[in-house]
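Now for the letters of each chain:
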Amino acid sequence: MRIRIITGMERFHHSDIRRLLLGTIVTVGFVVLLAQCFGIPSFYWSPPPVKVSVIDLTNSNVTQVSVMNYINLSDDEEFVKKDLGRGNDVVISKEKVEFNASVIGRPNISLRKTKMVVESSESDPTSVMVMGKDSRNGNGLSVRRYKRRGAVVSISQMNSLLIQSFSSFKSPKPRWSSARDSEMVSVRSEIEKASVVHDTLELSASLYRNISKFQRSYDLMERKLKVYVYKEGEKPIFHNSIPRGIYASEGWFMKLMESNKKFIVRDPGKAHLFYIPISIKALRSSLGQDFQTPRSLADHLKEYVDLIAGKYKFWNRTGGADHFLVACHDWQGNKLTKKTMRNSVRALCNSNVAQGFRIGSDTALPVTYIRSAESPLEYLGGKTPSERKILAFFAGSMHGYLRPRLVKLWENKEPDMKIFGPMPRDPESKKQYREYMKSSRYCICARGYEVHTPRVVEAIMNECVPVIIADNYVPPFFEVLNWEEFAVFVEEKDIPNLRNILLSIPEERYIGMQARVKAVQQHFLWHKKPVKLDLFHMILHSIWYSRVHRIKTR
C-alpha cells in the first residue's frame, strides 16, 4: 500500500488562498491608512536620549532659546504648534552650549523631514529651531525657526538700494498702451524737473530726501491720481475695515479709501491704480484652523486675483503692476504675496529687506496701535527736551529673541535707563507707560516676533526720539523721509553699548532731532476725515510714488 503525505499548503483550496491574500492586503492597507492619518505610534520608534550640540551663536542674533525634550517632526518649516508638555529652558548668550535632549516617539506625529529642536551646524548651519511658550496662544508650546542672520543691511546701504532701484527695477511692459500710462510718464518727468523749494509753512526741508520732488509729487497726486476699488469680495475678508488694535493701519486705510470721493472713480478705464480691498487680519481670523498657514492664506488671495483677472482686463494688461494692497500682519509680507502680487505695489508693515521686501517697489506701512477708533489722536504730545529726565525707555512683552536680551542687559542697571518687561494692563499702569514716553529723551523701538513695531509711531506721537533696534527694517515712507534726521538706528549686536551710543549724541543734535520728531508727526496721524499730508495721504503717496517711478510703456 502506498501512503501519500499531504502537506499543510495542500490542505488549502484555491479559494481559501485567495481569501487569505485578500484579507492580508486589506489589513496592510488599513494599517497604512491609520499611519497616514494618525502617525506612527510611539512604540515603533523610541531611541534613547541623544546629546545635541547647539550651533555656535557668536555672530547670531538668537540670544534666548527655550529647549524642550522633544524634536520637531513636522514638515512645516515655518511655524508649527504642538501641545508637547513640559520642557527645560536653556539660555544661550553668545557662546556654544551643549544640552541633553530626549528624542521621544509620540503618537500622532509624522516622521517626515525630521528636524531637531535646535539643529546643529552640521545639519543646517543657517537656522535654529526654537521651541517655547507662545504668549499669543495661551500656555501652548510652539516651534519657531530663527534663521541665522547674514550681513545686516544698514540704513546707509538701504539709501543706496533705494537710489539703485529707480534705475534698475521697472514694472513689466504692458500688453497694450493706455492713456493713463502716458499721464504717469509725464508726471515722472515733472517730478524730476521740480523747481527748488526750501522750508515751507507745512514742510521742513531737513525731514525729506528731496523736499522739492516730494512737494511736486504730492501736489500732482492730489490733482491727477484716480483709483478704482474692486467691488468683488464678501465681508468679512473684503471691504471690512478693522480700525482698532495693533493691525489698525490696514483697516483705517481701507475705510478712508473706500469712502473717498476725491481719488475714487467708478469707471476703471480712468484709473491709474487699482486697490484690492482685502484685510489680511480678517482673512486669517475668518478662515478655520485648517487654513491657518501662510500658504493657505496665499491661495485664498490668489483665488481673488484669478477672479478679477477673469472678469476685468486691467490685471492682465500690466500683470498687476498698477494694482496695490495695504496689509499689516506678521504673515502678510513676502510669503503671502510674492507669487500672486510680485509685480504689484505692496504697502506692508513687515518691511524686512532680508525677507523679500523690495526697496523702491514696495512701501513700508506704519504700525499704528489704535485703542479707540473714535479718538485716534488721544494722548498726543509730550514734554519739552529740558523736562525729559529719562535717557531711554522701553516696556513690552518678551516677543521674539531680541527683547529678552535687551531687558536682561539693561533692566535695573542704570537709573536713567527705564527698561522693563511687560507692564500690567490696568489703567494706572497704562498711564505710567504714557508718562514714561512723554518724559524720556529716547524711546526704544525693539523688534518683536518680526521687525515692525507700533512703538515707532507711539514714540513720534509722544514726541520722543525713536531708537530703532531691528536689523533690516525699512522704516515707513523711506522713499521720501530722511529718517536719520529724527531717529536713531542701533544694530542688534550693539545693544550692550546702547547707553554709550545715546550719551554720545551731542545735546544740540538731540534738541534738533526732537524738534524734527514734532515736525514729522503730522505724517503719522489718522483723522476721521483725512487732512493734507496726514497718514492716509502719505500711504497713498508712497504707492503713487512707487508706480510713477517704475512704470513702463509700450
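Please read all numbers here as calculations on a predicted model, not as lab measurements. (Residues numbered from 1 in each chain as written. Predicted model: local features only at pLDDT ≥ 70, side-chain atom pairs only at ≥ 80, totals over all residues. Heavy atoms only, no water.)

A. Just the state of the cysteines, in detail. The final tally for this structure, using the stated rule, is 2 disulfides. Disulfide pairing places cysteine 328 opposite cysteine 349 at an S-S distance of 2.1 Å. The chirality of the disulfide connecting cysteine 328 with cysteine 349 is left-handed, given an S-S dihedral of about -105 degrees. Placement of cysteine 328 in the loop between strand E10 (323–327) and helix H9 (334–337) and of cysteine 349 in the loop between strand E11 (345–348) and strand E12 (363–364) is noted, with a sequence separation of 21 residues between them. No difference in accessibility class separates cysteine 328 from cysteine 349, as the two residues are buried. (Disulfide = S-S within 2.5 Å. Helix = DSSP H or I, 4+ residues; strand = E, 2+ residues; numbered from the N terminus. Buried < 20%, exposed > 50% of the residue type's maximum accessible area, 1.4 Å probe, protein only.)

B. Structural context of the sheet that holds strand E8 (residues 227–229). Read from one edge to the other, the open sheet built from 5 strands follows the order E8-E9-E10-E11-E12, with strand pairing classed as parallel. The outermost strands of the open sheet, each flanked by one partner alone, are E8 and E12. In this structure, E8 lies alongside strand E9 (residues 273–275), joined through 3 bridges in parallel fashion. Along E9, the bridge assignment pairs valine 227 with leucine 273. Set on the sheet, helix H5 (residues 248–258) makes contact with E8, E9 and E10; between it and E10 the angle comes to about 135 degrees. The strands that helix H15 (residues 535–550) touches are E9, E10, E11 and E12; relative to E11, the one it contacts most, it runs at about 150 degrees. (Pairing = 2+ DSSP bridges. Contact = heavy atoms within 4.5 Å. Axes fitted to C-alpha atoms, helices over the stretch in contact; angles between N-to-C directions.)

C. Molecular detail of the sheet that holds strand E16 (residues 465–469). In space, the 5 strands of this open sheet follow the order E14-E13-E15-E16-E17, with parallel pairing throughout. Because the sheet does not close on itself, it has two edges, and the strands there are strand E14 (417–419) and strand E17 (488–489). Strand direction decides the pairing type here: strand E15 (residues 440–446) and E16, joined by 5 bridges, are parallel. Directly across from isoleucine 444, in E16, lies its bridge partner valine 467. Contacting strand E13 (390–394), E14 and E15, helix H11 (residues 427–439) crosses the sheet at an angle of about 115 degrees to E15.

D. Representation of the packing of aromatic side chains within the structure. In the structure shown here, the tally under the stated rule is 23 aromatic pairs. Ring centres of tryptophan 483 and phenylalanine 486 lie 4.7 Å apart, and the angle between their planes is 40 degrees; this geometry places the pair in the tilted category. Accessibility classification places tryptophan 483 together with phenylalanine 486 in one group, the buried group. Put simply, the rings of Tyr228, Tyr230, Phe274, Tyr312 and Phe314 pair up and form one aromatic cluster. The residue whose ring lies beneath arginine 371 is tyrosine 369, and the NZ or CZ to ring-centre distance is 4.0 Å. (Phe/Tyr/Trp six-rings, centres within 6.5 Å; stacked < 30°, edge-to-face > 60°. Lys NZ or Arg CZ within 6 Å of the ring centre and 35° of its normal.)

E. Representation of the pattern of salt bridges. For the coordinates displayed, the defined rule picks out 21 salt bridges. Note that arginine 358 and aspartate 362 form a salt bridge whose closest N and O atoms lie 2.7 Å from each other. For glutamate 491, the salt bridge goes to lysine 493, with nearest N and O atoms at 3.9 Å. Through salt bridges with shared partners, a single ionic network connects Asp181, Arg317, Asp322 and Arg547. (Salt bridge = Lys/Arg side-chain N within 4 Å of Asp/Glu carboxyl O.)

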